[in-house]
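Survey of secondary and tertiary structure
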Amino acid sequence: MAMEHLGRDITFDALEANRALSQRTESVTSRENAIPVDLVWRNLTFDVPLPKRKGEQKQVDLLSNDDELAPGVAPLKPSMRRILHALNGQVRSGQVLAIMGASGSGKTTLLNMLSGRLKSSRKCSTGGHVYVNGQSRNFDTFPHIAKFVEQDDTTMFAELTVREQITYAAQLALSGSVPNSRKMARVEKIIQELGLSKCSNTYIGNELVRGVSGGERRRVAIGIELVTDPSLIFLDEPTTGLDSFNALNVMSSLRQLAKNGRTIVTTIHQPRSSIFHLFDMLCLIAEGRTVYFGPAADVVNYFDSLGFPCPSHFNVADYVIDVLSVDHRTPEMENKTTARIEYVSDHYRRNFEPAFLSDANAYQSAHSAQPTSSVAYYGNGLVKEFSILVRRTVKLMSRERQINFTRLGQTLFFAVLLGLIWLDAARVESLDERRAVQGVLFFLVVNQCFDAAFGVIFSYPTERAIVNRERASGFYRDITYFLGKQLCELPRAVFFNILMLIIVYFMVGLREDAGAFFVLLLIITFLSLAGEGMAQALSVFAGDEQTAAAIVPVAVIFQLLFGGFFIAPDALPGYIAWLRWASFMYYGFNAAVINEFDDEVTEIVAPGQEFELSKWEGIAVLIGFAVVLKLLYFAALRANKPRFDRTL
Ligand SMILES: Nc1ncnc2c1ncn2[C@@H]1O[C@H](COP(=O)(O)OP(=O)(O)OP(=O)(O)O)[C@@H](O)[C@H]1O
């Protein structure tokens, strides 16, 4: 019976609503020139070193390792623990394969191995084979045909809109020879077909910037990877954190992508029934073993035949995960549940896997044609790539309102404060009084270095996650990102340094000489670059925000202690005095003092505190520090590039 509210129909039919969602994107991103891809894997094993603690080892031994006896399976070394036990499977073009299992069963590890995103590690070892269209995977072409959508969708710029985000991805990833009009048409098509038109001009957003919803954000993450029209898409738990409507929305989009000839492989956690029905194939794993691989629609009958009938009105996905979870609450429960998993996995391996393998082998030999790709690894040449990155960075910087306003407020506050403390200090006649001006020069030096260094600690982690995702997707080279970023950041740094200096310079009454003003500007600009480079390099090595926040202040305090103002070099014992040469503040501060007092410097500087170098020598060393620290940052960035295992 129809229901109405304010004269409008509000009847709800759940089945109809789900059907409508599934049909919404009927025409999703039809293929332009991509090759259909079938993926097959054989005897995949993943071994990690045994934990040192005995308690953890016990869990390892609960299930037997007899899969090692199977032909073609890598033997397990005594010092290792097997995470994946000779997994086999295949997924064909046009199918959605869902990898399901309890937490810790090995879903993500399997997905990473299939997608070529398993982090390379000397401690762990892998075994088995992955075939693409019947032939061993070729890592030169695989990144072009396969894309990976990460679970973490915070790896996007909060201050870019949905359309901009996908547009930049298209500009960076697609070949420079593709006309811009075609790139834009592709972006519009993705937006429309992933149901993002309504929010296409909304910022992605984060905790501070209001942005799109979780489901929309997840679809943007998918859209970014769709720009190159990949044949194979891997997704790590694409519905985690979404409400059930948004989760269904995302999964229906994937279903439609498969309908248009793509191959979709996704891990998924507890899908609702309507989502479960969107899967073609299901790979169920428990404790690193396959317990079912086959059509998703057949799993209920399969478990029924094993003596585990799914109660009516029960969510199938919930039911099978319950059957396959180890209950660690008591030793008895643990024994019972592991025995159940062993029974189900043995049954699958003995009775179903052989038939599945012979069917898969027959299919594989009939469809054996490795996709080739003549496309270069990067979409654009160096210059084009650089100009796209510069445009994007400039756009982002102009929108970083909070950062810009905070920095403006901070600069004005400290400039006026320093100006008030040392008001007219340099305008007095007496040399004794003018000595105090060294204080303001030192605080200027310290403040610019602190400001630059601490600005990095909190901005870098977010940026690193984005850059790592983009580098893993082959969007650009490290060098263009690095140079583009430096080029864009420089004018902002110079602007804030000029602002600071103008206020302090005239309030304190520093030397009335344009040359002296610009030399001091040069000194504090390079000091801020050196401070920034040092913090950037340390942040990359530190790996996370907390460690960086602990390390960077130590490095800055070191610079400050040996900066030549608090402790005179000759007051330090010889075994430690040499450390001043490692402080770029030492060069900056002393060059600033000589710059200010010029001929009078010998009368101003206390005996024992004289600078051993000339002003320009000091500035040259400071510039050298800034360049070396920035290069160190670049080296750290390259060294920290995500590296993946390419042995399978
Ligand atoms: N590099 C590694 N070193 C040691 N143990 C590992 C490593 N990688 C994975 N494991 C272990 O392998 C098991 C499977 O991990 P995986 O992340 O694949 O599980 P999952 O099914 O994706 O779990 P979840 O659903 O909780 O994300 C876990 O016990 C995990 O601790």
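Residues numbered from 1 in each chain as written. Predicted model: local features only at pLDDT ≥ 70, side-chain atom pairs only at ≥ 80, totals over all residues. Heavy atoms only, no water.

The protein carries the name Probable ATP-dependent transporter ycf16 in an unreviewed UniProt entry, which gives Gracilariopsis chorda as its organism. Comment text from UniProt for the protein, heading Subcellular location (unreviewed entry), reads "Membrane". (UniProt positions renumbered as here; feature names shortened; annotations may be inferred.)

On to the pairing of strand S5 (residues 96–101). Two faces belong to every sheet, and in a regular strand the side chains alternate between them. Along S5, six of the six residues are buried, which leaves the element largely enclosed by surrounding structure. Where S5 lies against strand S11 (residues 281–286), five bridges are found, and the strand directions are parallel. Bridging from a neighbouring strand, Leu 97 pairs with Met 281 of S11. (Buried < 20%, exposed > 50% of the residue type's maximum accessible area, 1.4 Å probe, protein only. Helix = DSSP H or I, 4+ residues; strand = E, 2+ residues; numbered from the N terminus. Pairing = 2+ DSSP bridges.)

Further remarks concern helix H7 (residues 214–226). Over its 13 residues, H7 extends 19 Å from the first C-alpha to the last, a length consistent with the 18 Å expected when each residue adds 1.5 Å. When you tally the buried positions in H7, you get twelve out of 13 residues, the bulk of the element. Within H7, the full set of buried residues consists of Gly 215, Glu 216, Arg 217, Arg 218, Arg 219, Val 220, Ala 221, Ile 222, Gly 223, Ile 224, Glu 225 and Leu 226. In this fold, the buried residues of H7 make contact with strand S8 (146–149), helix H5 (162–173), helix H6 (180–193), strand S9 (232–235), helix H8 (244–259) and helix H16 (437–472). (Expected span 1.5 Å × (residues − 1). Contact = heavy atoms within 4.5 Å.)

Neighbouring the ligand are 14 residues, the closest being Ser 103, Gly 104, Lys 107, Thr 108 and Thr 109. One nitrogen or oxygen atom from the side chain of Thr 108 is found 2.5 Å from an oxygen atom belonging to the ligand. Considering the ligand on its own, with 630 Å² of exposed area, one finds that the protein chains cover 60% of that surface. If you list the elements that add at least two residues to the shell around the ligand, you get strand S3 (39–49), strand S4 (80–91) and helix H3 (107–115). Take the shell around the ligand: its biggest share by element is three residues, from H3. When grouped by side-chain class, the residues that make up the shell around the ligand number five nonpolar, six polar and three charged. (Near = heavy atom within 4 Å. Polar contact = N/O pair within 3.5 Å; in protein donor to acceptor, adjacent residues only side chain to side chain. Areas by Shrake-Rupley, 256 points an atom, 1.4 Å probe, with all protein chains shown as cover. Nonpolar A, V, L, I, M, F, W, Y, C, P; charged D, E, K, R; others polar.)

Turning our eyes to something else, we now look at the domain arrangement of the protein. Examined at the domain level, the protein breaks down into domain 1 (39–47 + 62–155 + 234–246 + 254–366) and domain 2 (382–639). Each of domain 1 and domain 2 was reduced to a C-alpha centroid, and the two centroids are 52 Å apart. With five residues of domain 1 in contact, the opposing surface of domain 2 contributes five residues. Between domain 1 and domain 2 lies a buried interface of about 450 Å² when both sides are counted; carbon and sulfur atoms form 46% of it. Across the domain 1-domain 2 interface, the total number found is zero salt bridges. Taken together, the links from domain 1 to domain 2 amount to one residue pair in polar contact (both at pLDDT 80 or more). (Domains from an automatic or database assignment. Buried area = accessible area lost by both parts, 1.4 Å probe. Salt bridge = Lys/Arg side-chain N within 4 Å of Asp/Glu carboxyl O.)

In this structure the tally under the stated criterion is 32 aromatic pairs. With centroids separated by 5.0 Å and ring planes inclined at 40 degrees, the aromatic side chains of Phe 558 and Phe 562 adopt a geometry described as tilted. Within the aromatic cluster, the residues linked to one another by ring pairs are Trp 581, Phe 584, Tyr 586, Tyr 587, Phe 611 and Phe 625. Taking NZ or CZ as reference, Arg 137 lies 4.6 Å from the ring centre of Phe 142, over its face. (Phe/Tyr/Trp six-rings, centres within 6.5 Å; stacked < 30°, edge-to-face > 60°. Lys NZ or Arg CZ within 6 Å of the ring centre and 35° of its normal.)

This next bit is on unusual backbone geometry. Backbone geometry places Asn 43, a non-glycine residue, at a positive phi of 50 degrees. By the element assignment, Asn 43 lies in strand S3. Residue Asn 43 is classed as buried on the basis of its relative accessible area, which comes to 17%. Here the phi dihedral of Ala 86 falls at roughly 45 degrees; this positive angle occurs in a residue that is not glycine.

On to the side chain of Glu 463. Topologically, Glu 463 is positioned in helix H16. On the accessibility criterion, Glu 463 (14% relative accessible area) is buried. Polar side-chain contacts of Glu 463 include one of 3.4 Å to the side chain of Lys 485. Excluding residues within four positions of it along the chain, Glu 463 makes contact with Tyr 481 and Lys 485.

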